[in-house]
Every structure is written in structure tokens, then in C-alpha cells.
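# Descriptive structure summary
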Amino acid sequence: MMGITVATVEQVASNASDRAQPKEASGWFAWLTVERALYGLILMAALFLRLFALGNQPLNSLEASNVWPAWLAANGRTVAEAPTPASPFLFSLTTVLFWLVGGSDLGARLFPALAGVGLVALAWWWRQWLGRSTALTLALLLAVDPWLTQFSRRADGASLSLFFGFWALTALANLLIRPSDDPAITTWRRIAAVASGLLLVSGPQGWNFVVVLAIFVLLFDPQVQALQARALLQGETFVLLLAAALLGATAWLAQPTGLGLVSTSISLWLDQFWGGEVSYALRWWLLRLVVDVPLLLVMGLIGLARLWLAKPAGDEQTESAVLPMGKTAAWRLFITLWFCWGLLLGLLPGRNPFNLSMVGL
């Protein structure tokens, strides 16, 4: 009897103890943290800003020149002297979409808008370098930035170029912090290859971001074996890059003429160096910087100055913990050269509004 009583008392005490201890959340409640919830709200805001009344305004002449050929291809029609699209990948996407559900102004702008939201989401992977609060602020700035929002609401390849360029940069940056035996290196190399391949066929602005990626690789390539350019341009990785570019430009081989649009995007990109058919005055470009993003311009210059004036860490190990992407000097130089490249695009004779995003980023 005494044994039964003792056992009963112990069981009751154990049950009371279990009730007293908080149980760990399970399912999506455990996954949904405050940080993830804030990112979700920011992404919802970005989605709203880019999709709200997206199809209400008719396509302008630039958008029509990108979309009309896709509508013709989707309906099996040809027209003499039809305009040439500037973005092979946007041509492929809209051709497939129009073939499936028919053409509309909303459908013509849908993929650039989704790419703009994807650009905001990429800030999540920069937390390990910028810090959680700073990366969250970056996501918010990307979501409400007037230039990025406007480019995302146009039937043009600029938004696609920015997304794939930033995606490729995110993949390359991940290669910097991983040891050579890390299995994740293979995954990030594949991501870098696919993103780079789609970047090459995203349009004229994609070639602007190719310069940024080249600067990044040249600065950090000697330091990190996983990032070495020859490892990204050989074997499976190179095949993925070519396959992504080929399939992206030809609507999954359904429109082989899309390959010819790549040369068109290169020609339009080269026009900015000596002036194209439409060129904006230098005062207009500078006015947009001052009027549209004064806070970003001032705080960006202050941040760049602080980056150069900050004292480096005392030793390599401490420095790597602060800036795991590489040495402080290389990181400073990369940011500065990127900024100078954006300014140079604004000083070239063929400057255009799309180049503003290179300074903003």
C-alpha cells in the first residue's frame, strides 16, 4: 500500500512539474519568429507597392516595344519591322505567359514586379554580414525605394537584371565565408552559375551588374579558393551557366530567335558610352539623386566615409569576425568601386534613368 501511495505521489508531482515547465512551440509557431514576421510584413508591403493597380495604366512606348513582339510570338504572328525587345529573358517569360493566359498590361508587368519583390527577399541572406537589424533595414529600404519600385512596375528587363545581379552577388559572397570542404559550396556555386546565366540575358542593365560582379571576383578571388573564377567557369558550373542563359533567352528552346536579342541588349548597353537615341541631361540625372533619394544619398556618403575612416581590427582573426567576407581593405575598395561605377554611368553621354539604381544599391 505504501509503495502504491509513494508511486502515486511521485507521478502526480511529475505531472505537475511537466505542466509547470513551458512546452516548446511546435510546427510553424516555432519557425515564426519576430524577425521572420517583420520580413513577411516588409515583403507584403513590397508586393502591394509593386502590384497595386499594376495594369491600370496603358503600356508606354518602351514597354510596348518589349511586349508586343512577345504577344506576336505567342499568337504565331509576324509583322514587318516589328520592334526588337531589349530583354531576351523578359521576352521569353511574357511569350510563355501570353501563350498560356493571353496578353494583358498586368501580365506584361507581372514578372518585373515579382523580381522586385525577390530583390527585397535577398536581404535575408545578408544578415550574417550586416547584422540582423541592419539587414532588416536594408530590406525595408529596398521595398520602398522609389526607383526600385518604379522599375519593378514597368514591362522592362531592368528589374530582372537587378534581381539576378544581386542574387549572383549573394551567392558569391556566401562562397567567401565557407571552408573549402563545406558541402554547401557546391550549392552556392550552382546558384551563382544559374543567376549569372540569367543575368546575361536579362537585358542591357544586366551588363552593368556584370561589371560589379567582375570587380567582386577580382578583389576577393586571390583570397578564397571557393570563389576562384576558374572554379566558376568550368565543369558542371559552366554548363549550368550556359544552360540558364540558353533556356532563358529562348523560352525553353521554344523561341530560338531569342538568342539574337542578346546582341541587341549588348548594343543598347554600349550606347550609353557614347550616347544613344535618347539621352538625359546631366543636370536631370543629378536632380533625381537630390530630389528622389536625399536621405539615401546623404547617409550613403556618410557610411562610405565611416567605412574608410574606421580603424581596422587588431588582427586577422578579429577582422574576419567583423567582416567575414574578406579583408577590410578589399571590402572597402569593392563598395567604393561599385559606387564610382554607378557615378560613371551617370556621367556618360548615354545616361538614362535605369542607371540610377546602380548608385542606389
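Cut-offs and rules
- Residues numbered from 1 in each chain as written.
- Predicted model: local features only at pLDDT ≥ 70, side-chain atom pairs only at ≥ 80, totals over all residues.
- Heavy atoms only, no water.
- Helix = DSSP H or I, 4+ residues; strand = E, 2+ residues; numbered from the N terminus.
- Buried < 20%, exposed > 50% of the residue type's maximum accessible area, 1.4 Å probe, protein only.
- Contact = heavy atoms within 4.5 Å.
- Areas by Shrake-Rupley, 256 points an atom, 1.4 Å probe, with all protein chains shown as cover.
- Polar contact = N/O pair within 3.5 Å; in protein donor to acceptor, adjacent residues only side chain to side chain.
- Core = buried A, V, L, I, M, F, W, Y, C linked by side-chain atoms within 4.5 Å.
- Axes fitted to C-alpha atoms, helices over the stretch in contact; angles between N-to-C directions.
- Parallel < 35°, antiparallel > 145°, perpendicular 65-115°, else oblique.
- Left-handed = near helix turned anticlockwise from the far one by under 90°.
- Nonpolar A, V, L, I, M, F, W, Y, C, P; charged D, E, K, R; others polar.
- 1 Å grid on protein atoms, 1.4 Å probe; cavity = no way out; pocket = protein on both sides within 12 Å on 5 of 7 lines; lining within 4 Å.
- Points joined across faces, edges and corners; volume = space filled by probe spheres on them.
- Expected span 1.5 Å × (residues − 1).
- Patch = residues over 30% accessible without salt bridge, like charges linked within 9 Å, V, L, I, M, F, W, Y side chains within 5 Å.
- Salt bridge = Lys/Arg side-chain N within 4 Å of Asp/Glu carboxyl O.
- pLDDT = per-residue confidence, 0-100.
- Phe/Tyr/Trp six-rings, centres within 6.5 Å; stacked < 30°, edge-to-face > 60°.
- Lys NZ or Arg CZ within 6 Å of the ring centre and 35° of its normal.

Here the focus is the overall build of the chain. Across its full length, the chain holds 20 helices and 0 strands. For the chain, buried positions account for 43% of its 361 residues. Pairs at least 24 apart in sequence give 77% of the contacts found in the chain among residues at least 6 apart. Entry remark: accessible area of the chain is about 18900 Å², with carbon and sulfur atoms responsible for 67%.

On to unusual backbone geometry, then. Where the residue is not glycine, phi is negative for most of them; where a peptide bond is considered, it is trans in most cases. Its identity as a non-glycine residue notwithstanding, E81 has a phi of 55 degrees, on the positive side. Note on placement: E81 falls in the loop between α4 (61-74) and α5 (88-101). Under the relative-accessibility criterion, E81 is labelled exposed at 82%. Phi is positive for A251, close to 55 degrees, though the residue is something other than glycine. If you trace the backbone, A251 turns up in the loop between α14 (235-249) and α15 (260-274).

In this structure, S357 sits in helix α20 (residues 356-360). Within the structure, the side chain of S357 is placed 2.8 Å from the backbone oxygen of F354, a separation counted as a polar contact.

With 70 residues, the main nonpolar core has F209 and F334 as its most contacted residues. Top contributing element to this core by residue count: helix α10 (residues 158-176), with 13 residues. Setting aside its immediate chain neighbours within four residues, F209 contacts S161, L162, G165, F166, L199, W338, M358 and L361. Core analysis: the second largest hydrophobic core is formed by 8 residues, A70, F98, A108 and A155 among them.

Glancing now at the packing of helix α6 (residues 105-121) against α10. Relative to each other, α6 and α10 sit at 30 degrees, their axes nearing to 8 Å. One way to sum up the angle between α6 and α10 is to call them roughly parallel. For α6 against α10, the interelement crossing comes out left-handed. In this structure, α6 uses F111, P112, A115, G116, G118 and L119 to contact α10, whose residues at the interface are S159, L160, L162, F163 and F166. Considered class by class, the residues forming the contact of α6 with α10 number 8 nonpolar, 3 polar and no charged.

A water-sized probe, rolled over the atoms, reveals where empty space remains. This model, assessed by the stated rule, comprises 1 cavity of 30 Å³ or more. Each pocket or cavity is described by its volume, and for the largest cavity that value is around 30 Å³. For the lining of the largest cavity, the elements supplying multiple residues, two or more each, are α6, α9 (146-152) and α10. Broken down by element, the lining of the largest cavity gets its largest block of residues, 3 residues, from α9. Partitioning the lining of the largest cavity into residue classes produces 4 nonpolar, 3 polar and no charged.

The next thing to look at is α10. The terminal C-alpha atoms of α10 lie 27 Å apart, and with 19 residues this matches the ideal 27 Å at 1.5 Å per residue to within 8%. Taking burial as the measure, the 19 residues of α10 include 18 buried ones, the bulk of the element.

Relative to the elements of secondary structure, T95 occurs in helix α5. According to the relative accessible area criterion, T95 is buried, its value standing at 5%. With residues up to four places along the chain from it excluded, the contact list for T95 reads A70, A73, A74 and Q255.

Attention now goes to a nonpolar patch on the surface. Side chains of F48, L49, F52, L140 and V144 sit close together on the surface and give an oily, nonpolar patch of about 470 Å² of accessible area. Within the residue set of the nonpolar patch, elements represented by two or more residues are α3 (34-51) and α8 (132-144). Within the secondary structure, L140 is located in helix α8. Given the relative accessible area of 43%, L140 is considered partly exposed.

Here we come to the packing of helix α11 (residues 184-200) against α14. Where α11 contacts α14, the axes come no closer than 7 Å and their chain directions differ by 35 degrees. As for the relative orientation of α11 and α14, their crossing is right-handed in sense. Residues R189, R190, A193, V194, S196, G197, L198 and L200 of α11 form the contact with α14, whose participating residues are E236, T237, L240, L241, A244, A245 and G248. Per-class residue counts for the contact of α11 with α14 are 8 nonpolar, 4 polar and 3 charged.

The subject of this paragraph is the confidence of the model for the chain. Should the pLDDT be low somewhere, the predicted coordinates at that spot are not to be read in detail. When the pLDDT values of the chain are averaged, the result is 86; 84% of them are 70 or greater. For residues 1-10, every residue scores under 50 in pLDDT, and the model assigns this stretch 0 contacts once sequence neighbours within four places are set aside.

Assignment of secondary structure puts D271 in helix α15. Residue D271 is classed as partly exposed on the basis of its relative accessible area, which comes to 26%. Residues D271 and L348, 77 residues apart in the sequence, show an inter-C-alpha distance of 9.7 Å.

Next up on the list: the packing of aromatic side chains. Evaluated as defined, the whole model comprises 16 aromatic pairs. With 5.2 Å between their ring centres and 35 degrees between their planes, F48 and F52 make a pair best called tilted. Each of the two residues, F48 as well as F52, counts as exposed. Judged by centre distance (5.1 Å) and plane angle (40 degrees), the rings of F151 and F354 are tilted. Here F151, found in helix α9, pairs with F354, found in the loop between α19 (328-347) and α20; they are 203 residues apart in sequence, far enough to count as distant. Of the two residues, F151 and F354, neither departs from the other in class, the shared state being buried. A network of ring pairs unites the aromatic residues F209, F216, F220, W331, F334 and W338 as a single cluster. Geometry around W124 places R127 over its ring, the cationic atom sitting 3.6 Å from the centre.

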